[in-house]
Amino acid sequence: MNPDDDRPPTPHLHEVVIPKEKAVFWMDGRGRWQNRHGRFEHKRIIDHFNRSIRRDEDGYFVTQVRGEVREKVYFPYEDTPLFIVRVSPEVPLRLDLNTGETIPLDPAALFVESDQLYHKSGDARIKFTDRALLAISPYLEERADGLSICIDDHTWPIPDRCPAP
C-alpha cells in the first residue's frame, strides 16, 4: 500500500474494486492484520493499513494507488475493524483509534459484549485493545449491579449490550 492512497479518486485514475471475498488480507478479532503467511510484522505497514481504513455504504475498505489504477479493497474482519489503541488521560479522557483518529470518551457510549469493552461512535463499534483496557481500568468499577465507569465524582453504568442509536 502506498501513502498516496488517501487521495480522492481523480478522473485520470481507473478504480478497481476488490470484494472482501477476494481480498488477500484480513483483520482478526484483536485488530491484527494478516495474510496467508501470517500476521503482519512491520509497524510501518500495519500503521499504514490502519490509517487507510475507510467506510462507505458497502463496508470497510482500504485503498492504494498503483500508477494509473486506484485499488479499493474491501477486507474481511472479525467483529470490527476499529480499535481503541490508547487512552489519553486528558479531561475528558481521549481515545486514540487504530485509524489515527482521536475521539473523546463518552461514558454513555460504553458497553460490554461477550466480555469485551466497546465504545459506540455513531453506528460504529470500537473495541478496546488489551493495552487500552489496562489504561482505562483505574476508572472501571465492578458493582453489585454490574460494571461502571467512574470519572471524578460521576459514575455511569456500562450496559451488557450495545446502546440503542
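Coordinates for the structure precede this section.
Residues numbered from 1 in each chain as written. Predicted model: local features only at pLDDT ≥ 70, side-chain atom pairs only at ≥ 80, totals over all residues. Heavy atoms only, no water.

1. Quick word on the nonpolar core
Residues Trp33 and Phe128 are the most contacted members of the largest nonpolar core, which totals 31 residues. Those elements that place two or more of their residues in this core are β2 (25–27), β6 (59–66), β8 (83–88), β9 (94–97), β11 (110–113), β13 (124–128), α2 (130–136) and β15 (146–151). Filtering out sequence-adjacent residues up to four positions away, phenylalanine 128 remains in contact with Ile84, Val87, Leu95, Leu110, Leu117, Tyr118, His119, Leu133 and Ile136. (Core = buried A, V, L, I, M, F, W, Y, C linked by side-chain atoms within 4.5 Å. Buried < 20%, exposed > 50% of the residue type's maximum accessible area, 1.4 Å probe, protein only. Helix = DSSP H or I, 4+ residues; strand = E, 2+ residues; numbered from the N terminus. Contact = heavy atoms within 4.5 Å.)

2. Topic: helix α1 (residues 43–51)
Along α1, the residues that are buried comprise His48, Phe49 and Asn50. The elements touched by buried residues of α1 are β2, β3 (33–35) and β6.

3. So, the sheet that holds strand β7 (residues 69–74)
What the four strands build is an open sheet, ordered β1-β7-β6-β5; its pairing is mixed. Only two strands of the sheet have a single partner each, and these edge strands are β1 (14–18) and β5 (54–56). For this sheet the average axis-to-axis angle between neighbouring strands, irrespective of direction, equals 35°. Summarising the sheet, β5 and β6 pair through three bridges and their orientation is antiparallel. Bridge pairing in β6 places arginine 55 opposite tyrosine 60. (Pairing = 2+ DSSP bridges. Axes fitted to C-alpha atoms, helices over the stretch in contact; angles between N-to-C directions.)

4. Some words on the pattern of salt bridges
Applying the stated criterion across every chain, the model contains 11 salt bridges. The salt bridge involving arginine 70 is made with glutamate 15; its shortest N-O contact spans 3.7 Å. Of the two residues, arginine 70 sits in strand β7 while glutamate 15 sits in strand β1, which places them 55 residues apart along the sequence. Judged by its relative accessible area of 8%, arginine 70 falls in the buried class. With a shortest N-O distance of 2.8 Å, aspartate 28 and arginine 32 are connected by a salt bridge. Linked through salt bridges whose partners overlap, the residues forming this network are Asp79, Glu113, Arg125 and Lys127. (Salt bridge = Lys/Arg side-chain N within 4 Å of Asp/Glu carboxyl O.)

Shape is all these values report; function is a separate question.
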